[in-house]
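Below, each chain spelled out in residue letters.
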Number of protein chains: 2
Amino acid sequence: MTSNACLLRENGMEPTDARLRILEALSGQHIALRAQDILKALRANGPFDKVTLYRTLEAFAERSIVQRHCAGDRTYRYCMPAPDEGMHSHFYCTRCGNMACLTGQHEPGMGILRPMDAAPLPGRLQAVEIRLDGICDACLSRQG
Amino acid sequence: MTSNACLLRENGMEPTDARLRILEALSGQHIALRAQDILKALRANGPFDKVTLYRTLEAFAERSIVQRHCAGDRTYRYCMPAPDEGMHSHFYCTRCGNMACLTGQHEPGMGILRPMDAAPLPGRLQAVEIRLDGICDACLSRQG
DNA sequence: CTGTGAATGCAACCCAGTTGCACCACCAAC
DNA sequence: GTTGGTGGTGCAACTGGGTTGCATTCACAG
């Protein structure tokens, strides 16, 4: 049994073909993918229904199997956290829309941010989303 | 001439009625509003076209007259920065969708975040978006 | 087998945001 | 005056990521 199948079982999900294919598409990526990106990758080797994809991604996100982030362009991006890693932040290129995962570079969530809050927050904190916006190296070298 | 009119002039925009009404709706808010929220407020005292609103908000955002943020639900939120304030972060309630501005509590953007990047970023940084997700006090007291 | 719930697939829908284009007010050049 | 350009607004239609409803299929227990 593959590690992805284990991951699904641990989270109470049957390791079906569709789910494994989705996890496969996300594994080893260093950028957070659009649902469209994933769909395209999946369809490269066989048909795939977009509703199945969306529902599966939602189920994964609920179980923290994947992380779902909101990019600057109002589309969701999905990525798999590295093992033993909490949330990571992202670098979003406002020109090409690529969203690179900044794994291991900093852990800028609760740990770093919370101590800086002088005033109490207006609610119970559950997660911290950090997105760095800019122009990625590829776009910079393409036209400055 | 009102201060909002000055603000527009300083940014090379005619202080038209529509623009002033939009700024008025945003002024003094401590939460970041949806376009729909603004539209509703505007229409409370007279008709208002949604396209005009969207175009105006975009023009404002380009000139940094307002800040545009992406909430966890894929809708944009708009708020006016306090005078002399850079970017501020937000507390987003995943239950009711309210997005409170955390003005003055911390300045968690470039200043705090950049020194933590051990590795260089994969591009040229322009802005930092920080969103704290959780359950707001109102929702907590309503049902825990 | 057969019943049941989970998983999948198809079509239709939702809706925030955008685009295209006409209209209008204003001003400058002729 | 009138013509032409420009910036702002309004209406209608569109876009596209994401969702919902519902029928079908699959896996497995009884």
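Calculation notes
- The written sequence of each chain sets the order in which its residues are numbered from 1.
- By the order in which they are written, chains take letters starting at A while ligands take numbers starting at 1.
- The predicted nature of this model means local features are confined to residues of pLDDT at least 70 and side-chain atom pairs, given and counted, to a pLDDT of 80 or more, with totals for whole chains, interfaces and linings taken over all residues.
- Each residue receives a C-beta atom built from its backbone; the residue is near a molecule or strand if that atom lies within 6 Å of it.
- Going along the chain from the N terminus, every DSSP run of H or I of four or more residues is numbered as a helix, and every run of E of two or more is numbered as a strand.
- Here the nonpolar group is Ala, Val, Leu, Ile, Met, Phe, Trp, Tyr, Cys and Pro; Asp, Glu, Lys and Arg are the charged ones; every other residue, Gly included, is treated as polar.
- Paired strands, in this sense, are two strands between which DSSP finds at least two bridges.
- Labels follow a simple rule on C-beta atoms placed from the backbone: if 20 or more others lie within 10 Å of a residue's own, it is buried; if 12 or fewer, it is exposed; otherwise it is partly exposed.
- Whether two residues are in contact is decided by their C-beta atoms, placed from the backbone, lying within 7 Å.
- Note on method: axes are straight lines fitted to C-alpha atoms, helices fitted across the in-contact stretch only, with angles between N-to-C directions ranging 0 to 180 degrees.
- Roughly parallel here means an angle under 35 degrees, roughly antiparallel means over 145, roughly perpendicular means 65 to 115, and every remaining angle is called oblique.
- Helix crossings get a hand from a simple test, with the near helix turned counterclockwise from the far one by less than a right angle marking a left-handed crossing and a clockwise turn marking a right-handed one.
- We call a set of buried Ala, Val, Leu, Ile, Met, Phe, Trp, Tyr and Cys residues a nonpolar core when their C-beta atoms link them within 7 Å.
- Under the convention used throughout, the expected extent of a helix is 1.5 Å for every residue step, that is, one less than its residue count.
- Arc, as used here, means the arc of the directions from the helix axis to the C-beta atoms.

Focus on the protein's contact with DNA strand D
Around DNA strand D lies a shell of 21 residues, among which A:Ala35, A:Tyr76, B:Thr16, B:Ala18 and B:Asp49 are the nearest. Those elements giving two or more residues to the surface near DNA strand D turn out to be helix H3 (35-43) and helix H4 (50-62) of chain A together with helix H2 (17-26) and helix H4 (50-62) of chain B. By residue class, the composition of the surface near DNA strand D is seven nonpolar, five polar and nine charged.

Looking at the sheet that holds strand S2 (residues 67-70) of chain A
The sheet built from three strands is open, its strands ordered S1-S3-S2 (chain A) with antiparallel pairing. What marks the edges here is a single partner per strand, and that holds for strand S1 (33-34) and S2 of chain A.

Examining the protein's contact with DNA strand C
Around DNA strand C, the surrounding shell holds 21 residues, and the nearest of these are A:Thr16, A:Ala18, A:Val51, B:Ala35 and B:Tyr76. At the level of secondary structure, the elements contributing two or more residues to the surface near DNA strand C comprise helix H2 (17-26) and H4 of chain A together with helix H3 (35-43) and H4 of chain B. Of the residues that constitute the surface near DNA strand C, the class distribution is seven nonpolar, five polar and nine charged.

As for the environment of B:Cys79
All names here are of chain B. Position of Cys79 relative to the elements: it lies in strand S3 (residues 76-79). Residue class for Cys79 comes out buried when judged on the 21 C-beta atoms lying within 10 Å of it. Distance from Cys79 to Arg95, taken between C-alpha atoms, is 20 Å for residues 16 residues apart in sequence. Non-local contacts of Cys79, meaning those with residues more than four positions away in its chain, are made with Leu26, Gln29, Ala32, Leu33, Val66, Gln67 and Cys101.

Here's the deal with the packing of H3(B) against H4(B)
Residues and elements named next belong to chain B. The N-to-C vectors of H3 and H4 enclose an angle of 125°; their axes lie 10 Å apart at closest approach. Taken together, H3 and H4 sit at an angle that is classed as oblique. Remark: the crossing between H3 and H4 carries right-handed chirality. From H3, Ala35, Ile38 and Leu39 reach across to H4, where they touch Lys50, Leu53, Tyr54 and Leu57. Grouping the amino acids of the contact of H3 with H4 by side-chain chemistry returns six nonpolar, no polar and one charged.

Comments concerning the nonpolar core
Counting residues in each nonpolar core, the largest one holds 62 residues, and the members touching the most others are A:Leu26 and B:Leu26. If near-sequence neighbours (up to four positions away) are discounted, A:Leu26 is found in contact with A:Leu33, A:Ile38, A:Val66, A:Tyr78, A:Cys79 and A:Met80.

A word on the sheet that holds strand S2 (residues 67-70) of chain B
In a beta sheet, neighbouring strands are held together by backbone hydrogen bonds and run either parallel or antiparallel to one another. All names here are of chain B. Read across the open sheet, the three strands follow the order S1-S3-S2; overall the sheet is antiparallel. Edge positions in the sheet fall to strand S1 (33-34) and S2, since each of these pairs with one other strand and no more. Across two bridges, the pairing between S1 and S3 is antiparallel. Counted as the bridge partner of Leu33 is Tyr78 from S3.

Observations concerning unusual backbone geometry
Residues and elements named next belong to chain B. Despite not being glycine, Ser64 shows a phi value in the positive range, around 60°. Phi at Arg74 takes a positive value of approximately 70°, unusual for a residue other than glycine. Following the sequence through the fold, Arg74 ends up in the loop between S2 and S3.

Looking at H4(A)
Residues and elements named next belong to chain A. Helix length check: H4 (13 residues) gives 18 Å between terminal C-alpha atoms against 18 Å at 1.5 Å per residue, within 8%. Within the span of H4, buried status applies to Leu53, Thr56, Leu57 and Phe60. The buried side chains of H4 occupy one side of the element, clustering within an arc of 100° when seen end-on. Exposed side chains of H4 directed beyond 90 degrees from the buried face belong to Val51, Arg55 and Glu62.

Concerning H2(A)
All names here are of chain A. Of the residues making up H2, those classed as buried are Arg19, Arg21, Ile22, Leu23, Ala25 and Leu26. Turning to H2, the residues buried within the fold contact helix H1 (3-10), S1, H3, H4 and strand S3 (76-79). Positive phi shows up at Gly28, right after H2, with a value of about 75°.

Quick look at the pairing of strand S5 (residues 99-102) of chain A
Residue and element names in this part refer to chain A. Side chains of S5 alternate between two faces, with Met99 and Cys101 and Ala100 and Leu102 buried alike. In this structure, strand S4 (residues 89-93) lies alongside S5, joined through four bridges in antiparallel fashion. Counterpart to Ser89 in the pairing with S5 is Leu102. In this structure, the hairpin formed by S4 and S5 is closed by a connection of five residues, where Gly97 is found at a positive phi of approximately 85°.

Describing the pairing of strand S4 (residues 89-93) of chain B
Residue and element names in this part refer to chain B. Burial within S4 is extensive, with five of its five residues counted as buried. Here S4 shows no split at all, with Ser89, Phe91 and Cys93 on one side and His90 and Tyr92 on the other all buried. With four bridges connecting them, S4 and strand S6 (residues 123-136) associate as parallel partners. Paired with Cys93 across the bridge in S6 is Gly134.

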